[in-house]
Amino acid sequence: MKLILMMAMTLDGIIAKNSNQNADWTTKADKKAFIAETKKHGAIVMGQTTYEAIGRPLPGRLNLILSLEPETFKDKEQPELLEFKKGSPREIVDYLAGRGFASAILGGGARTNAMFLKAGVVDEILITVEPKLFGLGLNFTEGEELDLNLELLESKEIGDNAVQLRYKVIK
Ligand SMILES: NC(=O)c1ccc[n+]([C@@H]2O[C@H](COP(=O)([O-])OP(=O)(O)OC[C@H]3O[C@@H](n4cnc5c(N)ncnc54)[C@H](OP(=O)(O)O)[C@@H]3O)[C@@H](O)[C@H]2O)c1
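Basis of the calculations
- Residues numbered from 1 in each chain as written.
- Predicted model: local features only at pLDDT ≥ 70, side-chain atom pairs only at ≥ 80, totals over all residues.
- Heavy atoms only, no water.
- Core = buried A, V, L, I, M, F, W, Y, C linked by side-chain atoms within 4.5 Å.
- Buried < 20%, exposed > 50% of the residue type's maximum accessible area, 1.4 Å probe, protein only.
- Helix = DSSP H or I, 4+ residues; strand = E, 2+ residues; numbered from the N terminus.
- Contact = heavy atoms within 4.5 Å.
- Phe/Tyr/Trp six-rings, centres within 6.5 Å; stacked < 30°, edge-to-face > 60°.
- Lys NZ or Arg CZ within 6 Å of the ring centre and 35° of its normal.
- Pairing = 2+ DSSP bridges.
- Axes fitted to C-alpha atoms, helices over the stretch in contact; angles between N-to-C directions.
- Near = heavy atom within 4 Å.
- Polar contact = N/O pair within 3.5 Å; in protein donor to acceptor, adjacent residues only side chain to side chain.
- Areas by Shrake-Rupley, 256 points an atom, 1.4 Å probe, with all protein chains shown as cover.
- Nonpolar A, V, L, I, M, F, W, Y, C, P; charged D, E, K, R; others polar.

- Going by the annotation in an unreviewed UniProt entry, the name recorded for the protein chain is DHFR domain-containing protein.

Right under this line is the structure:
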């Protein structure tokens, strides 16, 4: 199964000013690209903190939320829309493959991205570079030392002064 990490970041590499900030600061062009890409693949994986910042499941896709205590959220689960799960990055990828997904989006946040990159299960990175500088905040990976090489597959302007970059993770 192909896993694509999709993020919007400022020109200085920041995805949020802090862990509680919603990702709604991004351009309309990025939001449109995000909706199209996530619906295309049908599943989005995200950390519990990101889910709390969004505050609701994204409709029309499986939202797989990672938590060390997924049983706490069992009453919130909705079939095919919202699931909470614990597991290593490899176990999560295998779980999605077993559910029949050929590909899925990894939607952050910073700590989840780092964990999945470190585990070597991310195949592509799709970044929107937003026309903003925050100076301080969360980098798009946090918490793990990484030294990965990337191959640029595509770069394009998507409108609203934003640029989308698609990289392959060289394994
Ligand atoms: N700009 C963008 O495109 C973008 C996109 C996404 C997110 N964000 C921002 O990123 C920020 C959140 O990032 P963050 O780094 O603070 O947190 P995060 O990565 O969203 O969530 C971390 C939490 O996820 C759970 N988790 C992650 N991997 C797990 C695994 N393998 N098994 C079990 N649980 C796992 C743990 O939850 P528990 O503690 O519950 O166990 C962990 O504390 C928010 O501000 C959000 O808005 C920005």
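Some remarks on the nonpolar core
1) Next: Grouped together as the largest cluster of nonpolar side chains are 27 residues, with contacts concentrated most on F116 and V122.
2) Next: At the level of secondary structure, the elements contributing two or more residues to this core comprise β1 (2-10), β3 (43-47), β4 (62-66), α3 (89-98), β6 (103-106), α4 (110-118), β7 (124-130) and β10 (162-169).
3) Next: If we skip the residues at most four places from it in the chain, F116 touches L3, V45, L66, P89, I92, L106, V121 and V122.
4) Next: Counting residues in hydrophobic clusters, the runner-up holds 14 residues, among them A33, M46, L81 and L82.

Observations regarding the packing of aromatic side chains
Each aromatic ring pair is described using two quantities: the centre-to-centre distance and the angle formed by the ring planes.
1) Next: What the rule picks out here adds up to three aromatic pairs.
2) Next: Look at F73 and F84: their rings are 4.6 Å apart centre to centre, the planes differ by 20 degrees, and that puts the pair in the stacked class. Taken together, the residues span a long stretch of sequence, with F73 in the loop between β4 and β5 (82-85) and F84 in strand β5 at a distance of eleven residues. Residue F73 shares its accessibility class with F84, and that shared class is buried.
3) Next: Within the aromatic cluster, the residues linked to one another by ring pairs are Y51, F73 and F84.
4) Next: The aromatic ring of F134 is capped on one face by K17, whose charged end is 4.8 Å from the ring centroid.

Section: the sheet that holds β6
Backbone-to-backbone hydrogen bonds pair the strands of a sheet. The strands run either parallel or antiparallel.
1) Next: Strand order in the open sheet made by the eight strands is β5-β4-β3-β6-β1-β7-β10-β9, with mixed pairing throughout. Two strands bound the open sheet, and with one partner strand each, they are β5 and β9 (150-159). Direction aside, the axes of adjacent strands within the sheet are offset by 25 degrees on average.
2) Next: Sheet topology note: the β7/β10 ladder contains six bridges and is antiparallel. Each bridged residue has a counterpart across the sheet, and for I125 the counterpart in β10 is Y167.
3) Next: Helix-sheet contacts for helix α1 (residues 28-41) involve β1, β3, β6, β7, β9 and β10, and the interaxial angle to β1 is about 170 degrees.
4) Next: In the packing of α4 onto the sheet, contacts are made with β1, β3, β4, β6 and β7, and the angle to β1 comes to roughly 140 degrees.

Section: the pairing of β3
1) Next: Of all five residues that make up β3, five are buried, and the element is covered over most of its length.
2) Next: By the alternation rule, side chains of β3 split into A43, V45 and G47 and I44 and M46, which are all buried.
3) Next: Inspection of the sheet shows β3 paired to β4 by five bridges, in the parallel sense. Across the sheet, residue V45 finds its bridge partner in β4, namely L64.

Remarks on the site of the ligand
1) Next: If you check the shell around the ligand, you find 27 residues, and the closest are S19, Q21, T50, L68 and T112.
2) Next: Here an oxygen atom of the ligand and a backbone polar atom of Q48 are 3.2 Å apart.
3) Next: One of the backbone nitrogen or oxygen atoms of L66 is found 3.5 Å away from an oxygen atom of the ligand.
4) Next: Here the ligand loses 89% of its free accessible area of 940 Å² to cover by the protein chains.
5) Next: Elements represented by at least two residues in the shell around the ligand include exactly β1, β2 (14-16), α2 (48-54) and α4.
6) Next: Looking at the shell around the ligand residue by residue, the classes come out as twelve nonpolar, 14 polar and one charged.

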